[in-house]
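Working through the structure, step by step
So the chains spell out like this:
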Amino acid sequence: VNFSILGFVISGGLLYFSPSGTLFNQAFISDKFSQIFKIIFLASGVFTFLVSEFSARNPSPSLILIVTGACMVMASAGELLTFLSCWSLLAVCIYFLVSQNSAGLSFQFLVLQLVSILIFILGAALIFGMTGASSLSEIKVSLVLGFFQGGPPGVVLVLALILILVSLSIQLSLFPFHTGWVKL
């Protein structure tokens, strides 16, 4: 428990003292917009940790800390692969949190997340095939240049965006992609 509090304090300190900029060839972008979401995720993690201390179902503090860290990195994701890896880590940690309550629901959640991640990979692969880039800024530049040089992108881009939106809708359990595991 004390290590989790220390982890939240270190995360908050890194958030406060971190400069704006990019790391890893724009795979990690730290700016004011992403810092707002990092503060929201850090506050949610601290709130979840404090509430879980008084709950009958006490989740692992290290899982809460890992989920909070994954969300904070995902807020600064500048590439599709960085976003996907953080989202996958988030799904695995949530699987372990759900498995503490129900084995059947946790298996259903895991299968649903894996299918959703595969749909996201298919959409990202279509975008990569069109643009030759996985960085969000390079994808934007490639699509804008392609629009002015060759016209509208066409059906493949629309299909890729639909696949990515369907994938995120499944993962977030938005209507009409919600399922029974949410009833937990």
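Residues numbered from 1 in each chain as written. Predicted model: local features only at pLDDT ≥ 70, side-chain atom pairs only at ≥ 80, totals over all residues. Heavy atoms only, no water.

Side note on the overall build of the protein
Applicable threshold: Secondary structure follows DSSP: runs of H or I at least 4 residues long count as helices, runs of E at least 2 residues long count as strands, and numbering of each begins at the N terminus. A simple rule labels every residue: compare its accessible area, found with a 1.4 Å probe on the protein chains alone, to the largest value its type can have, and call it buried under 20%, exposed over 50%, or partly exposed in between. Contacts were defined at the residue level, with two residues in contact if any of their heavy atoms lie within 4.5 Å. Reported accessibility uses the Shrake-Rupley method at a 1.4 Å probe radius. Residues are deemed covered only where the shown protein chains occlude them.
What the protein contains, in helices and strands, is seven helices and two strands. Along the protein, helices (α) and strands (β) appear in the sequence α-β-β-α-α-α-α-α-α when read from the amino end. Dimensions of the protein, computed from C-alpha atoms along their principal axes, come out at roughly 60 × 40 × 20 Å. Expressed as a percentage of its 184 residues, the buried residues of the protein come to 33%. In the protein, once contacts between residues fewer than 6 apart in sequence are set aside, the share between residues at least 24 apart is 68%. As displayed, the protein has an accessible area near 11,000 Å², and 76% of this comes from carbon and sulfur atoms.

Some remarks on the packing of aromatic side chains
So the rule is basically this: Centres within 6.5 Å make a pair out of two Phe, Tyr or Trp rings, where for Trp the six-membered ring is used; the pair is then stacked when the planes are under 30 degrees apart, edge-to-face when over 60, and tilted otherwise.
Within the structure shown, the criterion is met by five aromatic pairs. Relative to Phe37, the ring of Phe33 has its centre 5.2 Å away and its plane inclined at 75°; by these criteria the two rings are edge-to-face. Taken together, the residues Phe33 and Phe37, both in helix H2 (residues 32-52) and four residues apart, mark about one turn of the helix. Its relative accessible area of 35% is what places Phe37 among the partly exposed residues. Pairwise contacts between aromatic rings join Phe33, Phe37 and Phe41 into one cluster.

Here we look at helix H7 (residues 155-172)
Cut-off, in case you're wondering: Here a helix's expected span is defined as the number of its residues, less one, multiplied by 1.5 Å.
Between its first and last C-alpha, H7 extends 25 Å over 18 residues, near the 26 Å set by a 1.5 Å rise per residue. For H7, the complete set of buried residues consists of Leu157, Ala160, Leu163, Ile164, Ser167, Ser169, Ile170 and Gln171. One or two positions beyond H7, positive phi appears at Ser173, with a value near 55°.

Examining the packing of helix H5 (residues 103-131) against helix H6 (residues 136-150)
For clarity, the cut-off: Axis geometry follows a simple rule: fit a line to the C-alpha atoms, using only the stretch in contact for helices, then measure angles between N-to-C directions, giving values from 0 to 180 degrees. Any angle that is under 35 degrees is reported as roughly parallel, and any over 145 degrees as roughly antiparallel; angles of 65 to 115 degrees are reported as roughly perpendicular and all others as oblique. Crossings are classed by handedness, with left-handed meaning an anticlockwise turn of the near helix from the far one by less than a right angle and right-handed meaning a clockwise turn. In the scheme used here, Gly and all other residues not listed as nonpolar or charged are polar, with Ala, Val, Leu, Ile, Met, Phe, Trp, Tyr, Cys and Pro taken as nonpolar and Asp, Glu, Lys and Arg as charged.
Where H5 contacts H6, the two axes come as close as 10 Å, and the packing angle between them is 55°. It follows from the interaxial angle that H5 and H6 lie oblique. The handedness of the crossing between H5 and H6 comes out as left-handed. Counting all contacts with H5, which are made through Ile127, Met130 and Thr131, the residues of H6 involved are Ile139, Ser142 and Leu143. In the contact of H5 with H6, the residues fall into four nonpolar, two polar and no charged.

A few points about the packing of H2 against helix H3 (residues 61-75)
Packing of H2 against H3 brings their axes to within 8 Å, and their N-to-C directions diverge by 170°. If you check the angle between H2 and H3, you find them roughly antiparallel. Seen from H2, the contacting residues are Ser34, Phe37, Lys38, Phe41, Leu42, Gly45, Thr48, Phe49 and Ser52; seen from H3, they are Pro61, Ile64, Thr68, Cys71, Met72 and Ala75. Taken together, the residues that form the contact of H2 with H3 break down as nine nonpolar, five polar and one charged.

Observations regarding the layout of surface pockets
Spelled out, the test is: Buried and open spaces are told apart on a 1 Å grid over the protein atoms alone, a cavity being a set of points where a 1.4 Å probe fits but cannot get out and a pocket being an open set with protein on both sides within 12 Å along at least five of seven lines. Residues with an atom within 4 Å of a point are the lining residues. Grid points are joined across faces, edges and corners, and a volume is the space filled by probe spheres set on the points.
Quantified by volume, the largest pocket comes out at close to 440 Å³. In terms of lining, the largest pocket is formed by 19 residues, of which the most central are Thr48, Pro59, Ile64, Val67 and Leu97. Elements supplying a minimum of two residues to the lining of the largest pocket: H2, H3 and helix H4 (80-99). Looking at which element gives the most residues to the lining of the largest pocket, the answer is H2, with six residues. Taken together, the residues of the lining of the largest pocket sort by class into 10 nonpolar, eight polar and one charged.

This is a description of form; function is not addressed.
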